[in-house]
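As a plain string of letters, each chain reads:
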Amino acid sequence: EDQDFVWYYEGRNGWWAYDEKTSPEVEKAFKSGQRSCSLLIAGFLYVIDFENMFQTRKNEPGRRRRIKRDKRDVDRKGVAGIRIP
Ligand code: V3L
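Residues numbered from 1 in each chain as written. Predicted model: local features only at pLDDT ≥ 70, side-chain atom pairs only at ≥ 80, totals over all residues. Heavy atoms only, no water.

A.B. asks: Now, about the overall build of the protein: what can you tell me, with residues and values included?
C.D. replies: Along its length, the protein carries one helix and eight strands. At 12 Å, the protein has a C-alpha radius of gyration in line with the 12 Å of a compact globule built from 85 residues. Considering the protein as a whole, with its 85 residues, one finds that 36% of them fall into the buried category. Put simply, 46% of the contacts in the protein that link residues at least 6 apart link residues at least 24 apart. For the protein, the exposed area adds up to about 5800 Å²; of that, 48% sits on carbon and sulfur atoms. The distance from the centre of the 18 positive side-chain charges to the centre of the 14 negative ones in the protein is 6 Å. (Helix = DSSP H or I, 4+ residues; strand = E, 2+ residues; numbered from the N terminus. Rg over C-alpha atoms; globule rule 2.2 N^0.38 Å. Buried < 20%, exposed > 50% of the residue type's maximum accessible area, 1.4 Å probe, protein only. Contact = heavy atoms within 4.5 Å. Areas by Shrake-Rupley, 256 points an atom, 1.4 Å probe, with all protein chains shown as cover. Lys, Arg positive; Asp, Glu negative; His and termini not counted. Charge placed at Lys NZ, Arg CZ, Asp CG, Glu CD.)

Here is the structure:
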């Protein structure tokens, strides 16, 4: 089921899930065949590049983080910076 797939971005030794609002937006853009999309995340504009599978902040120096689409239940650090206890 597609419902079981969500999006993750790279952290230090592990993956963070995108927040519950952003992940479906990334999925929608991905499914529509866009090569990239721009999203507001925590007040900053980010570019999600599906060809190279990374995200980075637009127009600002920032980290280039790998992203992945994976099952909802895979090992992760938490959601959008909120750690799983
Ligand atoms: N969703 C939420 N916050 C984000 C996202 C995103 N998609 N992308 C970047 N940030 P940068 P560890 C991350 C945050 O890439 O210990 C984690 O969520 C990012 O937060 O240069 O290294 C953790 O909160 C960072 O604080 O634009 O695994 C934190 O790093 C800030 O935007 C530490 O995680 C700048 O990232």
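So, next bit.
A.B. asks: Outline the sheet that holds strand β5 (residues 54–57), listing residues and values.
C.D. replies: Across the sheet, which stays open at both edges, the eight strands sit in the order β3-β4-β5-β6-β1-β2-β7-β8 with mixed pairing between neighbours. Strand pairing shows two members of the sheet lacking a second neighbour, β3 (36–41) and β8 (82–83), which therefore form its edges. Strand direction decides the pairing type here: strand β2 (residues 14–17) and strand β7 (residues 78–79), joined by two bridges, are parallel. Looking at β7, one finds that W16 is bridged to G78. (Pairing = 2+ DSSP bridges.)

A.B. asks: Could you give an account of the pairing of β5, naming the residues involved and the relevant values?
C.D. replies: Where strand β4 (residues 44–49) lies against β5, four bridges are found, and the strand directions are antiparallel. Within β5, the residue paired with I48 across the bridge is Q55. Between β4 and β5, which pair antiparallel one after the other, the connecting turn spans four residues, and M53 there sits at a positive phi close to 55°.

A.B. asks: Please give an account of unusual backbone geometry that cites residues and values.
C.D. replies: We note that A42 has phi near 50°; this positive angle belongs to a residue other than glycine. Inspection of the secondary structure assignment puts A42 in the loop between β3 and β4. According to the relative accessible area criterion, A42 is exposed, its value standing at 74%. Non-glycine residue N59 carries a positive phi angle of around 60°.

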